[in-house]
Amino acid sequence: MSLGTSEQRRVAASDSGECRPELVRGLNVWHAISIVAGTIIGSGIFLVPAEMMQAVGSAGLVYLAWIVGGLLSFFGALTYAELGAVRPYSGGEYVYVRDAYGPLWGFLYGWTWFLIAKPASIASVTAGLVRVLGTFAAFSFLPQTLMALHVTSQRILVINYGHLVAIAATVLITGLNYVGVRKAGNFQFAFTVLKVVMIVGIAVIAFAAPSGSWSNFGTSFAGAKGGMVGFMAALVAALWAYDGWNDLNMVSGEVEQPERTIPIALIAGVGLVAVLYIGMNAGIQRALPATAIAAASVPAAAASQAALGRIGISLVSIGMIISMLATLNGTVMSGGRIPFAVARDGYLFKALGEVHPRFHTPGLALVIQAAVAIVLVVVGGAFRELFSLTIFSEWLFYMVAASTIFVFRKREPDVHRPYRTAGYPVVPLVFIATAAVLLCYTFASNLRDSIGGVVVILLGIPVYLWFARQRRRRGA
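Now for a quick tour of the structure. Keep in mind it's a predicted model, so treat the numbers as computed, not measured. (Residues numbered from 1 in each chain as written. Predicted model: local features only at pLDDT ≥ 70, side-chain atom pairs only at ≥ 80, totals over all residues. Heavy atoms only, no water.)

### Brief notes about the pattern of salt bridges
Let me state the cut-off plainly: Salt bridges are identified by distance alone: a Lys or Arg side-chain nitrogen within 4 Å of an Asp or Glu carboxyl oxygen. Secondary structure elements are defined from DSSP: runs of H or I of at least 4 residues count as helices, runs of E of at least 2 residues count as strands, and each element is numbered from the N terminus. A 1.4 Å probe rolled over the protein chains alone gives each residue an accessible area, and that area as a share of the maximum for its type sets the label: buried under 20%, exposed over 50%, partly exposed in between.
With the rule as written, the count across this model stands at 10 salt bridges. Across the pair arginine 87 and aspartate 99 runs a salt bridge whose closest N-O atoms are separated by 2.8 Å. Residue arginine 87 is located in the loop between helix H4 (59-86) and helix H5 (93-101), and its partner aspartate 99 is located in helix H5; the two are separated by 12 residues in the primary sequence. Accessibility classification places arginine 87 together with aspartate 99 in one group, the buried group. Residues joined in a network through salt bridges with shared partners are Arg87, Arg98, Asp99, Asp345 and Glu412.

Written out as structure tokens, the structure reads:
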């Protein structure tokens, strides 16, 4: 197997006796599983049952969407398990796309995720964290304005206490990742265990609701979209709740025994999440009829309230906070490795590819990622549009990255593969075909933001050409 550009330089530096700090493999299999499961489980499972019921109108079709979404995510994880086992390097999908299709496509992937997708995800999670905190009376002050910027009597920027909390969460979690991947991994494991316990507890409480009934599974919501359009909307919601399973591959360069650990973690992590999601949804369905689920802003909270009253709402809010913190940690951890890997190849500023000499983390890449996320937090509503335009580009690169498995199988038939995708070639083909369908659906249903996503990707081409020219001048 041929090493990528940054890996070649690392080996060359080692052979020449050059002392250069490098990333360390400090994440064990439990850390890896918690990165997969902990990053996937965010606020989605607490919120999307309402959206799914509004889309399809019956418990049976909601369950079908959860099952199909889980299978498709599992197919993606099986595909990525082979890719990660064969190419266990920082950057994950960036490495696969770069090695299969060339540095331009790799750069466009890294450009999109570094500039928008990861910072917008961080901003989205922290904004959600503030909203959940605001449900507690002690934090009722969060929406209060702290300062406002006016231009010609026009208020263009508002900073409130909630912004400060979101910024503080971003800084603290980034700081944790800055001082060591092992520390961040321990945090991820602890909070993932907590969130699993909370989800199981909420599901059990929902099942125990005195007003609940198994007959609720037979109820329906008359105002649903229905048809294939409705099912696709429910499936997209389910896939959004499952999103994040690919983050482990981005930190492959810091996983112990990656050829064994990555496949185990991806398969176990996605499987665990699917079981938890289906169990939670079953509790919600038993506690509430379809019309109540469709009308609830947070169906899990409504189900818990039916069992415990106001305490049930507080319990779900605490569970969402714990869940979001683990998701935030996994997102920060994985996101910082993308610009690091691109910079190591010479297609971003060299400083982004430096490893901290004491903590052995991509320190500057993490700091810049946090800075961009903080800007999006402060911008407020505008970042939501920025985040929505990444949906198209995310699924585009899921499809492109998954397709590299066929390139590598043909180009490198004799390479040792510690794990080979079960069900190959059907499993990756189904995942790629699904990604293509979802691309068409998201493009048609959100034309403006999808076109915006394409524009953002294309804007990376002149940036790539500039860095490629600088790289040639250096003789890299």
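### So, empty space enclosed by the protein
To find leftover empty space, one rolls a probe the size of a water molecule over the atoms. To keep things clear, this is the line we draw: Detection works on a 1 Å grid of protein atoms alone, calling trapped sets that fit a 1.4 Å probe cavities and calling open sets with protein on both sides within 12 Å along at least five of seven lines pockets, with lining residues defined by an atom within 4 Å of a point. Grid points are joined across faces, edges and corners, and a volume is the space filled by probe spheres set on the points. Charged means Asp, Glu, Lys or Arg here, nonpolar means Ala, Val, Leu, Ile, Met, Phe, Trp, Tyr, Cys or Pro, and polar covers whatever is left, Gly included.
On inspection of all chains with the given rule, the structure shows 3 cavities of 30 Å³ or more. In this model, the second largest cavity occupies a volume close to 50 Å³. Taken together, Glu82, Leu83, Val86, Arg87, Ile405, Phe408 and Arg417 make up the full set of residues lining the second largest cavity. Contributions of two or more residues to the lining of the second largest cavity are made by H4 and helix H18 (390-411). A breakdown of the residues in the lining of the second largest cavity according to their chemical character gives 4 nonpolar, no polar and 3 charged.

### With respect to the packing of helix H2 (residues 29-40) against helix H14 (residues 310-335)
Short version of the rule: Each axis is a line fitted through C-alpha atoms, taken for helices only over the stretch in contact, and angles between the N-to-C directions span 0 to 180 degrees. Note on angle classes: values under 35 degrees are labelled roughly parallel, values over 145 roughly antiparallel, values of 65 to 115 roughly perpendicular, and the remainder oblique. A clockwise turn of the near helix away from the far one marks a right-handed crossing, whereas an anticlockwise turn of less than a right angle marks a left-handed crossing. Every residue pair with non-hydrogen atoms within 4.5 Å of one another is taken to be in contact.
Two elements in contact, H2 and H14, have axes whose closest approach is 7 Å; the angle formed by their N-to-C orientations is 120 degrees. Here H2 lies oblique to H14, going by the angle between them. Regarding H2 and H14, the two cross each other, and that crossing is left-handed. For the pair formed by H2 and H14, the contact residues are Ile35, Gly38 and Thr39 on the first element and Ser323, Ala326, Thr327, Gly330, Thr331 and Met333 on the second. Partitioned by chemical class, the residues of the contact of H2 with H14 number 3 nonpolar, 6 polar and no charged.

Function cannot be read off these values alone, since they describe shape.
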